[in-house]
Amino acid sequence: MCSRLLLLFVLLCGHPAMASTLLAYTEELPPLNFLQHDKVSGFSSELLQAMADKAAIPLSLQLLPWARAYAMTQSTPGSLLFSTVRTTERENLFRWVGPISPRRIYLYRLAGRRDIQLHSIEQLRQLRTSTLFESATQNRLLELGLRIGQEQDSGRSDAVNLGKLQLGRVDLVAMLDWAMAWQLQQAGLDAHLVQPVALLDDTRQYWYALNRQTPDDTVRRLQAALDALEQSGYTERLRQKYMGRDKVPAHIADFTVH
């Protein structure tokens, strides 16, 4: 009897424990992350799944409002938030894996509006620009002197803002380059319908933000998996799937703060 118990103890101790499921929370931010056919999809979502598979870490993806996802990740061990801009204020609130993509926000005009040629912020204050409601971009334009409800208009989604631009209700729209490419594609519109006239922000990148209690080993395995996928060309192929080749316009106004 004692020998059987000893054998069972040895077998149990020698068997590797199953890795805990990583709970990944995200918001609706196409083409990085969004819900499609009741499944969380998008560039960042597919990349994270590939990383988890490579690192042998079970993964559960859930789409939530951003504020709730942010709070859940901070309070829930074994959780992850994406796609997250890494800032000085957030640096010590999470552990980080990445970067996964650049974050460039441009001011776009309709290609036919050749009368709009920006060279200074003063010109921008003479126009009407649409941004996402309660976004960092909205705050950035406030800093530049564009008042909400006057020089600055707000929409609840990128699709809504693009519609305003098409209808002539605004002169410009501020949007992530990936998002603009995606919105044009989803609406079946010509990729040359709009043109960037100014770079508003390129100071940050998107990362995966993990709960502070995430074990060192989990962070290392995920980063190693991301690095391997980047080196293999998988990440670039995934980028092209969701927005085509990464192109940076030349010779446009630069309103960034470096």
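First, a word on what this report is: a plain description of the structure on this page. (Residues numbered from 1 in each chain as written. Predicted model: local features only at pLDDT ≥ 70, side-chain atom pairs only at ≥ 80, totals over all residues. Heavy atoms only, no water.)

**Focus on the layout of surface pockets**
Estimated volume of the largest pocket: approximately 1300 Å³. Around the largest pocket sit 40 residues that line it, and Arg103, Leu132, Ser135, Ala136 and Thr137 are the ones nearest its centre. For the lining of the largest pocket, the secondary-structure elements that each account for two or more residues are β5 (79-85), β6 (95-110), α5 (136-143), α6 (158-167), β9 (172-176) and β10 (194-210). In terms of residue class, the lining of the largest pocket is made up of 17 nonpolar, eleven polar and twelve charged. If you add up the space inside the second largest pocket, you get close to 470 Å³. Taken together, 18 residues form the lining of the second largest pocket, with Tyr108, Ala181, Ala191, Met243 and Lys247 sitting closest to its centre. Those elements giving two or more residues to the lining of the second largest pocket turn out to be β6, α7 (177-186) and β10. The dominant element in the lining of the second largest pocket, judged by the number of residues it contributes, is α7, at five residues. Taken together, the residues of the lining of the second largest pocket break down into eleven nonpolar, four polar and three charged. (1 Å grid on protein atoms, 1.4 Å probe; cavity = no way out; pocket = protein on both sides within 12 Å on 5 of 7 lines; lining within 4 Å. Points joined across faces, edges and corners; volume = space filled by probe spheres on them. Helix = DSSP H or I, 4+ residues; strand = E, 2+ residues; numbered from the N terminus. Nonpolar A, V, L, I, M, F, W, Y, C, P; charged D, E, K, R; others polar.)

**Here's the deal with the nonpolar core**
Counting residues in each nonpolar core, the largest one holds 46 residues, and the members touching the most others are Leu47, Met51 and Tyr208. For this core, the leading source of residues is helix α2 (residues 43-55), giving seven residues. Not counting the four nearest positions on each side in its chain, Leu47 is found in contact with Ile100, Tyr208, Leu226, Leu229, Tyr234, Thr235 and Leu238. In terms of nonpolar packing, the next biggest core, distinct from the first, is built from 16 residues, Leu124, Leu144, Ala198 and Ala253 among them. (Core = buried A, V, L, I, M, F, W, Y, C linked by side-chain atoms within 4.5 Å. Buried < 20%, exposed > 50% of the residue type's maximum accessible area, 1.4 Å probe, protein only. Contact = heavy atoms within 4.5 Å.)

**Description of the environment of Leu127**
Among the structural elements, Leu127 can be located in the loop between α4 (121-124) and β7 (129-132). Residues Leu127 and Gln150, 23 residues apart in the sequence, show an inter-C-alpha distance of 9.3 Å. Residues in contact with Leu127, not counting those within four places in the same chain, are Ile116, Leu118, Glu151, Asp171 and Leu172.

**Brief notes about the pattern of salt bridges**
According to the stated counting rule, one finds 15 salt bridges in the structure shown. Its salt-bridge partner being Arg104, residue Asp177 comes within 3.2 Å of it at the nearest N-O pair. One end of the pair, Asp177, is in helix α7; the other, Arg104, is in strand β6, with 73 residues separating them in the sequence. When sorted by exposure, Asp177 lands in the same class as Arg104, which is buried. Residue Glu236 pairs with Arg239 through a salt bridge whose shortest N-O separation is 3.5 Å. Taken together, the positions of Glu236 and Arg239, both in helix α9 (residues 234-243) and three residues apart, correspond to about one turn of that helix. Each of Arg113, Asp115 and Asp171 takes part in a single network of salt bridges with overlapping partners. (Salt bridge = Lys/Arg side-chain N within 4 Å of Asp/Glu carboxyl O.)

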